[in-house]
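Results of the structural survey
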2 protein chains.
Amino acid sequence: MKVQTTSYRELIARQGLRVTPQRMAILEAVHKIGNHPTADQITDFVRKAHPNIASGTVYHVLDTLVQHQLIKRVTTDRDVMRYDGIMESHHHLYCLECNDIQDYVDVELNALLQEYFKSKKIEGFEIKEFVLEIKGTFNKCKNR
Amino acid sequence: MKVQTTSYRELIARQGLRVTPQRMAILEAVHKIGNHPTADQITDFVRKAHPNIASGTVYHVLDTLVQHQLIKRVTTDRDVMRYDGIMESHHHLYCLECNDIQDYVDVELNALLQEYFKSKKIEGFEIKEFVLEIKGTFNKCKNR
DNA sequence: GTGGTTGCAAACCCTTTGCACGGCA
DNA sequence: TGCCGTGCAAAGGGTTTGCAACCAC
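The rules behind the values
- Residues numbered from 1 in each chain as written.
- Chains lettered and ligands numbered in written order.
- Predicted model: local features only at pLDDT ≥ 70, side-chain atom pairs only at ≥ 80, totals over all residues.
- Heavy atoms only, no water.
- Contact = heavy atoms within 4.5 Å.
- Buried area = accessible area lost by both parts, 1.4 Å probe.
- Salt bridge = Lys/Arg side-chain N within 4 Å of Asp/Glu carboxyl O.
- Helix = DSSP H or I, 4+ residues; strand = E, 2+ residues; numbered from the N terminus.
- Pairing = 2+ DSSP bridges.
- Buried < 20%, exposed > 50% of the residue type's maximum accessible area, 1.4 Å probe, protein only.
- Least-squares fit on C-alpha atoms with pLDDT ≥ 70 in both.
- Core = buried A, V, L, I, M, F, W, Y, C linked by side-chain atoms within 4.5 Å.
- Axes fitted to C-alpha atoms, helices over the stretch in contact; angles between N-to-C directions.

Here the focus is the interface of chain A and chain B. Each partner contributes to the interface: chain A provides 38 residues, whereas chain B provides 38 residues. Surface buried jointly by chain A and chain B totals about 3700 Å² across both partners, of which 61% is contributed by carbon and sulfur atoms. Taken together, the links from chain A to chain B amount to 5 salt bridges. One salt bridge in this structure joins Lys 120 of chain A and Glu 108 of chain B, with 2.9 Å as the shortest N-O distance. Of all the elements in the fold, those that place two or more residues in the side of chain A that touches chain B are β1 (72-74), β3 (91-95), α5 (107-119) and β5 (125-138) of chain A. With 14 residues, β5 of chain A is the largest single contributor of residues to the side of chain A that touches chain B. Across 13 bridges, the pairing between β5 of chain A and strand β5 (residues 125-138) of chain B is antiparallel. Note on β5 of chain B: the bridge partner recorded for Glu 129 of chain A is Lys 135 of chain B.

Pasting the structure below:
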C-alpha cells in the first residue's frame with residue numbers, strides 16, 4: 001500500500017519530464033495528504049522539507065502533473081482547486097454538510113456503467129471516463 | 001417548453017422569498033442562457049434589462065437561489081462558478097477539448113443507479129442525489 | 001552548455017463584504 | 001412602516017504571470 005519515494009522519480013521520468021526535487025515533493029504530498037488537498041495544503045506540506053518553494057511553483061507543478069496524468073483535479077462547486085493522486089477509476093462522495101469529498105471505489109459500479117454505455121451510445125460524443133458524484137451526508141454530520 | 005415570466009415570480013414566492021425584479025431577471029437569465037452560464041454571463045444578460053444591477057447583487061442572488069433550490073451550482077475543475085437552471089435529476093458531459101459542459105438527461109440511467117444503490121448501501125453515508133460526470137470529447141472537437 | 005524550472009513578487013480577476021439607500025410585503 | 005434586498009466600492013484571496021537565476025539532462 002505504501003508508495004516508495006523512488007516511485008515518484010520513476011513516474012515523473014516516465015512522462016518525459018525533468019525530475020526535480022519540487023516535482024517529486026509535490027507528487028508525494030498529493031499522495032501522502034490524501035483526501036483531495038488544496039494547493040494551499042500541498043504548499044504547507046512541501047515546505048516542511050523545502051521551505052523556499054514558491055506558491056507559484058506549486059501551482060505550476062500541479063498543472064504539469066495534471067497535464068501528464070500523474071494527478072487529477074477534483075471537480076467541486078466551490079472556488080478552490082483540489083487534487084487527487086488516485087489515478088484508477090473511482091467515484092466521489094460529496095457531503096452536503098461538511099463539504100468533505102471522500103473517495104468511493106466500486107469496481108462493480110464501474111463495470112455496470114461500462115456495460116450500460118456499451119449499448120447506449122451518446123450521439124456525437126466519445127466517452128473517455130466516468131466519475132459519479134454521490135451527494136448526501138455522512139452520518140457523523142447529520143446533527144449540526 | 002417555453003417558461004413564462006410569471007412562473008419565475010411564482011417559483012420565487014413559493015420559496016417564501018421576496019419577489020424582486022433582480023431575482024426574477026437572474027432566474028430567467030440562468031434558464032434562458034442555458035449551457036451553464038458563469039456569473040459574468042448572467043450579469044451581462046441581466047444588464048440588458050437592468051443596466052444598474054451590481055455584480056455583488058448577482059452573486060448574492062445566485063447564492064440565495066441555490067440555497068432555495070431554484071438553481072444548482074455545476075461542479076467544475078476550473079475556478080469559475082457555473083450555474084444550472086434544470087432542477088430535475090440529470091447528468092453532465094464534460095468535453096476535454098473545448099471545456100464545454102452539456103446536460104445529459106437519461107431516465108433509464110437514473111433508474112439503474114437508484115436500483116444499484118438500493119441494494120448496495122454505502123457505510124455511514126446517506127445518499128441524496130447522483131450526478132454522473134461523463135468525460136470525453138465531442139466529435140466536432142476531435143481535430144484541434 | 002542550454003533550455004526547461006524555480007523563486008519572488010506583483011498583477012489579475014472572480015467573489016465576498018460593509019454600509020447606506022431603496023423598495024417589497 | 002419595518003426590514004430585507006440592492007447598489008456601490010473596496011477588500012479579499014486564490015491563481016496566474018513575468019523575469020532573472022538556477023539546474024537537470
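Okay, back to it.
Quick look at the pairing of β5 of chain A now. All names here are of chain A. Most of β5 sits out of view: 10 of its 14 residues are buried. Bridge count between β3 and β5: 4 bridges; the pairing is parallel. Residue pairing across strands places His 92 opposite Glu 133, the latter belonging to β5.

Taken together, a rotation about one axis and a shift along it account for how the two chain copies relate. Superposing chain A onto chain B takes a rotation of 179 degrees combined with a translation of 0.0 Å along the rotation axis, leaving an RMSD of 0.1 Å. Considering both components of the superposition, the chain copies are consistent with a two-fold axis. Residue Leu 132 of chain A, judged by its C-alpha, is the member of chain A lying nearest the rotation axis, at 2.2 Å. Looking at the interface residues of chain A, 100% of them are also at the interface in chain B, so both copies use one shared face.

Next up on the list: the nonpolar core. Soluble globular proteins tend to bury their nonpolar side chains together. Of all hydrophobic cores here, the largest spans 28 residues; its most connected members are Phe 117 and Ile 134 of chain A together with Phe 117 and Ile 134 of chain B. Secondary-structure elements contributing two or more residues to this core are β3, α5 and β5 of chain A together with β3 (91-95), α5 (107-119) and β5 of chain B. Dropping the residues within four chain positions of it, Phe 117 of chain B is found in contact with Tyr 104, Leu 109, Leu 132 and Ile 134 of chain A together with Ile 122, Ile 127 and Phe 130 of chain B.

Turning our attention to the sheet that holds β5 of chain B. Taking strand neighbours across the sheet as the criterion, the 6 strands line up as β4(A)-β3(A)-β5(A)-β5(B)-β3(B)-β4(B) in an open arrangement whose pairing is mixed. Each having just a single partner strand, β4 (101-104) of chain A together with β4 (101-104) of chain B make up the two edges of the open sheet. Ignoring strand direction, the axes of neighbouring strands in this sheet form an average angle of 30 degrees. Packing of α5 of chain A onto the sheet brings it into contact with β3, β4 and β5 of chain A together with β4 and β5 of chain B, and relative to β5 of chain A it is tilted by some 135 degrees. On the sheet, α5 of chain B packs against β4 and β5 of chain A together with β3, β4 and β5 of chain B and is oriented at approximately 135 degrees with respect to β5 of chain B.

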